[in-house]
Amino acid sequence: MLVTSEQVSHGHPDKICDQISDAIVTACLAQDKHSRVAVETLIKDHHVVVAGEVTTSAIFDVEALVLEVVKPLGMTDVCVTNLIGLQSRDIAQGVDTGGAGDQGLMFGYATDETPEYLPLPFVLATRVLEELKSLNHPLLLFDAKAQVTYDYERKRIKTFLVSIQHPNFTTRKQVKAIVKEVMVKVAKHYKQNTDFKVLINPTGRFVLGGSYADAGVTGRKIIADTYGGFCRHGGGAFSGKDPSKVDRSASYMARKIAKDIVREGYAKRCEVQLAYAIGLKKPMSIAVDTFGTSSYSDDSLVKMIELRYDLTPQGIIKELKLLDVDYRKTATYGHFGKKNLPWEL
């Protein structure tokens, strides 16, 4: 069975927007733990539009936060439009009493196939981009995508694909040499074959990138943010939202529960679904799927979850310390598998 997963870099236009939105969330919560934030960002060329709803006593400079994100990407001259307003009082009256900030269904997933408890092809695609970023190579720029096709029957990488932006004067041969070396390094680290099919910048050139090649919007890379397509997704994005929004907080808790189940040996793979109604505290439903890898029934695992975890929005926020997270750390290279995040502990 062939399965493919994808990741994008910090310089991808959608990820630029995620970083800006999460910088605003972090700035608000740092000053006011009661902040309510729902911020979307749009970028095209050097134009940045920040819109949404914020209710907070925090004082922050939207343009300064935007520049903090885009300056390292070589963008020093940006035009920022601020369209942030106040959150609806109708929503606040339910959230302020401890209810969920919206209705919806959220999924968490874990597998024992990697130390990160994440799917192997997704981890490979993510790590290769992180390694390329760490090189800070003058012949490579910021916008990039990686894609890994993995053969689960033969347990080997079939195809490793990276498209990465580069200066105009860089040759395809130079880019290929740099990137292939990193591909091999990452594959070896995870004890995988290195005789995979290599695809690097298949069109031949990738000079124009970032927001000058494509518009970016917050929340358009939800599969790259999560599990690379191995797990279902409720559809809600994470970035730009404070943790009263269960799109974010319940997804983090579902991941923690799934990871606990796998880490503690109850299953080899696990998907957890939580569903909420706006303004209500307890989830409408809890579902578990262990894909036939557990000696325990899914219903018995649901009962264990009900007894072990406080799944009210306030309970989740308290257990995972979500009012103290630097959400800028989640905005690139996935929200899961990073050791310094509380839902991964």
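About the thresholds
Residues numbered from 1 in each chain as written. Predicted model: local features only at pLDDT ≥ 70, side-chain atom pairs only at ≥ 80, totals over all residues. Heavy atoms only, no water. Salt bridge = Lys/Arg side-chain N within 4 Å of Asp/Glu carboxyl O. Helix = DSSP H or I, 4+ residues; strand = E, 2+ residues; numbered from the N terminus. Buried < 20%, exposed > 50% of the residue type's maximum accessible area, 1.4 Å probe, protein only. Domains from an automatic or database assignment. Contact = heavy atoms within 4.5 Å. Buried area = accessible area lost by both parts, 1.4 Å probe. Polar contact = N/O pair within 3.5 Å; in protein donor to acceptor, adjacent residues only side chain to side chain. Nonpolar A, V, L, I, M, F, W, Y, C, P; charged D, E, K, R; others polar. Pairing = 2+ DSSP bridges. Axes fitted to C-alpha atoms, helices over the stretch in contact; angles between N-to-C directions. 1 Å grid on protein atoms, 1.4 Å probe; cavity = no way out; pocket = protein on both sides within 12 Å on 5 of 7 lines; lining within 4 Å. Points joined across faces, edges and corners; volume = space filled by probe spheres on them. UniProt positions renumbered as here; feature names shortened; annotations may be inferred.

Peer 1: Would you mind going over the pattern of salt bridges with me for this structure?
Peer 2: Think of it this way: side chains of opposite charge can pair up when their charged atoms draw near. Taken as a whole and judged by the stated rule, the model has 22 salt bridges. Its salt-bridge partner being D14, residue K221 comes within 2.8 Å of it at the nearest N-O pair. Taken together, the positions of K221 in the loop between β9 (216–217) and α6 (222–225) and D14 in helix α1 (residues 13–31) put the pair 207 residues apart, joining distant regions of the chain. Judged by its relative accessible area of 14%, K221 falls in the buried class.

Peer 1: Please explain the domain arrangement of the chain as it appears in this structure.
Peer 2: The domain architecture assigned to the chain consists of domain 1 (2–7 + 120–200) and domain 2 (104–114 + 246–344). Between the C-alpha centres of domain 1 and domain 2 there is a distance of 29 Å. In this assembly, ten residues from domain 1 lie in contact with five residues from domain 2. Contact between domain 1 and domain 2 buries roughly 600 Å² in total, counting both sides, with carbon and sulfur atoms accounting for 59%. Applying the counting rule to domain 1 against domain 2 returns zero salt bridges. One can count two residue pairs in polar contact (both at pLDDT 80 or more) joining domain 1 with domain 2. Considering each element in turn, the side of domain 1 that touches domain 2 owes the most residues, eight residues, to helix α4 (residues 120–135). Across the side of domain 1 that touches domain 2, the residue classes break down as five nonpolar, two polar and three charged.

Peer 1: What am I meant to see in the sheet that holds strand β10 (residues 269–276) here?
Peer 2: One key point about sheets: their strands pair by backbone hydrogen bonds, in either a parallel or an antiparallel sense. Strand order in the open sheet formed by three strands is β5-β10-β11, and the pairing between neighbours is antiparallel. A strand with exactly one partner marks an edge of an open sheet, and here the two such strands are β5 (104–111) and β11 (285–289). Ignoring which end each strand starts from, the neighbouring axes of this sheet average 15° apart. Against the sheet, helix α7 (residues 246–263) engages β5 and β10, with an angle of about 30° to β5.

Peer 1: Sorry, what's going on with empty space enclosed by the protein here?
Peer 2: Think of a ball as big as a water molecule: rolled over the atoms, this probe shows where empty space is left. Within this structure, the stated rule accounts for two cavities of 30 Å³ or more. Its volume calculated, the largest cavity comes out at about 70 Å³. Forming the walls of the largest cavity are 14 residues, and the residues nearest its centre are M106, F107, H233, G234 and S251. Of all the secondary-structure elements, those providing two or more residues to the lining of the largest cavity are β5 and α7. The leading source of residues in the lining of the largest cavity is β5, at three residues.

Peer 1: What is the right way to look at unusual backbone geometry in this model?
Peer 2: Excluding glycine, residues mostly carry a negative phi; peptide bonds, for their part, are mostly trans. Here the phi dihedral of K155 falls at roughly 55°; this positive angle occurs in a residue that is not glycine. Relative to the assigned elements, K155 resides in the loop between β6 (144–151) and β7 (156–164). Even without being a glycine, Y333 presents a positive backbone phi close to 60°. Positionally, Y333 belongs in the segment after α9 (313–320).

Peer 1: Which parts of the structure should I look at to understand the UniProt feature "domain: S-adenosylmethionine synthetase central" (unreviewed entry) in the chain?
Peer 2: The positions that UniProt labels "domain: S-adenosylmethionine synthetase central" (unreviewed entry) are, in the present scheme, residues 99–206. For the annotated span residues 99–206, helix accounts for 31% and strand for 27% of the residues, and the straight-line distance between the end C-alpha atoms is 47 Å.

Peer 1: What should I look at first to understand the sheet that holds strand β1 (residues 2–8) in this one?
Peer 2: Pairing is mixed in the open sheet, where four strands are placed in the order β1-β6-β7-β8. If you trace the sheet from one side to the other, it starts and ends with β1 and β8 (197–200), each paired once. Neighbour to neighbour, the strand axes of the sheet diverge by 10° on average, direction disregarded. Sheet topology places β6 next to β7; eight bridges connect them, and they run antiparallel. Its bridge partner lying in β7, V148 is registered against F160. Along the sheet face, helix α5 (residues 172–189) touches β7 and β8 and points at about 135° away from the line of β8.

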